[in-house]
Amino acid sequence: MDFSISEKMQTILGMMKEFVEKELIPLEPEFLTKNTSSLLPVIAEKQKMVKQMELWAPNHPKEFGGMGLNLVEHGLVSETLGGSMLGFLVFGCQAPDAGNIEILHQYGTDEQKETWLRPLVDGQIRSCFSMTEVDMPGSNPVMLDTTAVKEGDDYVINGHKWYTSSADGAKFAIVMAVTDPDASPYMRASMIIVPTDTPGFNHVRNIPVMGHAGDDYFSHAEILYQSCRVPQKNLLGPEGHGFIIAQDRLGPGRIHHCMRWIGICNRVFDLMCHRAITRVIAPGKTLASKQIIQSWIAECAAEIRAARLMVLHTAWTIENKGVKEARQDISLIKFMVANTMQKVIDRALQVHGGLGMTDDTIISFFYRHERAARIYDGADEVHKVSVARRILREYEGKTVK
Ligand SMILES: Cc1cc2nc3c(=O)[nH]c(=O)nc-3n(C[C@H](O)[C@H](O)[C@H](O)COP(=O)(O)OP(=O)(O)OC[C@H]3O[C@@H](n4cnc5c(N)ncnc54)[C@H](O)[C@@H]3O)c2cc1C
């Protein structure tokens, strides 16, 4: 693997870094204290600047107005943008839209691409992904209760979902629903595009998460689908292929998340080091003089570096050998980087003492919001079990001395 970064990418990353530092980080205190919906004009203004700089939608296809970067390149971008809570949204590569864009591009009909994909890549609309259910284990997604039954030319959808992230303000949802209950478990469900103004798409609430219900993009919704009727042409990909498509959605998405988390690690690590050398804890002595703090700093530096290289290597493997070949690496980075991030954020918070608990730094926002990294896109335990099974299989029938 070649670790050098092309001149083109160095320029792009440099411009992005400067924009994040000058234009986004100064905005964060406002976003921490006000409703997102009241700040949408600010986001739109910054998005316009990004478009003028030709840095919009770095990972999305060129034919739809993106930059068309490959996965390793977008990994580096994710690290750069991840340091600010606003980075992904302002540069047009935020989840869950990014995953929806990928599957619409790969599986959408021409009509679906014109109606949903083009305005989504352009940032005119947002979307959400509605799979997890209140009464069913998300960790075993074949256990779905939501159904989509054919009636005339339509599907009629009934089900109770939650954690449909960013549904508030979204124009459409991609809903996972059982279309053939008699098929084998992995062929029972399909993905269906549901405009959020369809009668029967009932937004129950934005769920309070760690004390904050949030709004607009920064929210997670509970949705009741009650006789929600959409035309059958809204089926995305072949019927029964919901899980196959979901797998496609998750591979590259985990690289984006993991590199975004590395960006968060870098940001809070900077804050931690700065605090350590400036916080005087005794006459003439700063926190940085304490061995325990030095040890945390050295350990965090090593862990961030190791995690970063693992993710870049996984991105490279996906790019060069395909998702299937990288499956084990994808599971490894998912739980490894989520835990590294949690540890680094926790230590940064601890070094800041009482200040770390306040919203006067970004650390508490990351502490609240990123705990979920160990749960979504496959909980730690699910990935660990899957990796261990795969490794142990290789030892079956083998003599080891
Ligand atoms: C912030 C956030 C955003 C989300 N966004 C979305 C979204 O946009 N769209 C969407 O559809 N969903 C979303 N989700 C839902 C997420 O995908 C699920 O929470 C996740 O799949 C886990 O499912 P569950 O919550 O039902 O937990 P469960 O499946 O009930 O699992 C609970 C716990 O049990 C343990 N466990 C489960 N299975 C095993 C196993 N096989 N072996 C050992 N231990 C196990 C794990 O510790 C796990 O954390 C989001 C979740 C969060 C927290």
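What counts, and at which threshold
Residues numbered from 1 in each chain as written. Predicted model: local features only at pLDDT ≥ 70, side-chain atom pairs only at ≥ 80, totals over all residues. Axes fitted to C-alpha atoms, helices over the stretch in contact; angles between N-to-C directions. Helix = DSSP H or I, 4+ residues; strand = E, 2+ residues; numbered from the N terminus. Left-handed = near helix turned anticlockwise from the far one by under 90°. Contact = placed C-beta atoms within 7 Å. Nonpolar A, V, L, I, M, F, W, Y, C, P; charged D, E, K, R; others polar. Buried ≥ 20, exposed ≤ 12 C-beta atoms within 10 Å, placed from the backbone. Near = placed C-beta within 6 Å. Domains from an automatic or database assignment.

> Could you give an account of the packing of helix α4 (residues 71-82) against helix α8 (residues 242-278), with specific residues and numbers?
With their axes 6 Å apart at the nearest point, α4 and α8 run at an angle of 35° to one another. Here α4 and α8 pass one another in a crossing that is right-handed. For the pair formed by α4 and α8, the contact residues are L71, H74, G75, S78, E79, T80, L81 and G82 on the first element and P252, I255, H256, M259, R260, W261, I262, G263 and I264 on the second. Residue classes in the contact of α4 with α8 are distributed as eight nonpolar, seven polar and two charged.

> Summarise the environment of A338; cite the residues concerned and give the values.
Mapped onto the fold, A338 is located in helix α10 (residues 327-352). A residue is classified by how many C-beta atoms lie within 10 Å of it, and A338, with 27 of them, is buried. In this structure, the C-alpha to C-alpha distance between A338 and T115, residues 223 residues apart in sequence, is 35 Å. Excluding anything up to four places from it in sequence, A338 contacts W261, A373, R374 and D380.

> Can you explain the site of the ligand? Please cite residues and give values.
With respect to spatial proximity, 19 residues lie near the ligand, and among them M131, P137, G138, S139 and S165 are the closest. Elements represented by at least two residues in the shell around the ligand include exactly β1 (127-130), β3 (154-165) and α13 (380-395). When the residues that make up the shell around the ligand are grouped by side-chain class, the tally is eleven nonpolar, seven polar and one charged. Residue contributions to the shell around the ligand reach at least three from each of two domains, namely domain 2 (127-236) and domain 3 (244-395).

> I'd like a rundown of the domain arrangement of the protein chain, residues and numbers included.
When its domains are assigned, the protein chain resolves into domain 1 (7-122), domain 2 (127-236) and domain 3 (244-395). Taken over C-alpha atoms, the centre of domain 1 sits 22 Å from the centre of domain 3. With 23 residues of domain 1 in contact, the opposing surface of domain 3 contributes 24 residues. Looking at the side of domain 1 that touches domain 3, the elements with two or more residues in it are α2 (28-33), α4 and α6 (97-107). With nine residues, the top contributor of residues to the side of domain 1 that touches domain 3 is α4.

> Lay out unusual backbone geometry with the relevant residues and their values.
Residue P96 follows A95 across a cis peptide bond; omega there is 0°. In this fold, P96 is placed in the loop between α5 (87-90) and α6. In this structure, E54 is a non-glycine residue whose phi angle is positive, near 60°. Considering the arrangement of structural elements, one finds E54 in the loop between α3 (40-52) and α4. The class of E54 is exposed, set by 9 C-beta atoms lying within 10 Å. In this structure, D216 takes a positive phi of about 50° despite not being glycine. Relative to the elements of secondary structure, D216 occurs in the loop between β7 (214-215) and β8 (218-231). Its 19 C-beta neighbours within 10 Å are what place D216 among the partly exposed residues.

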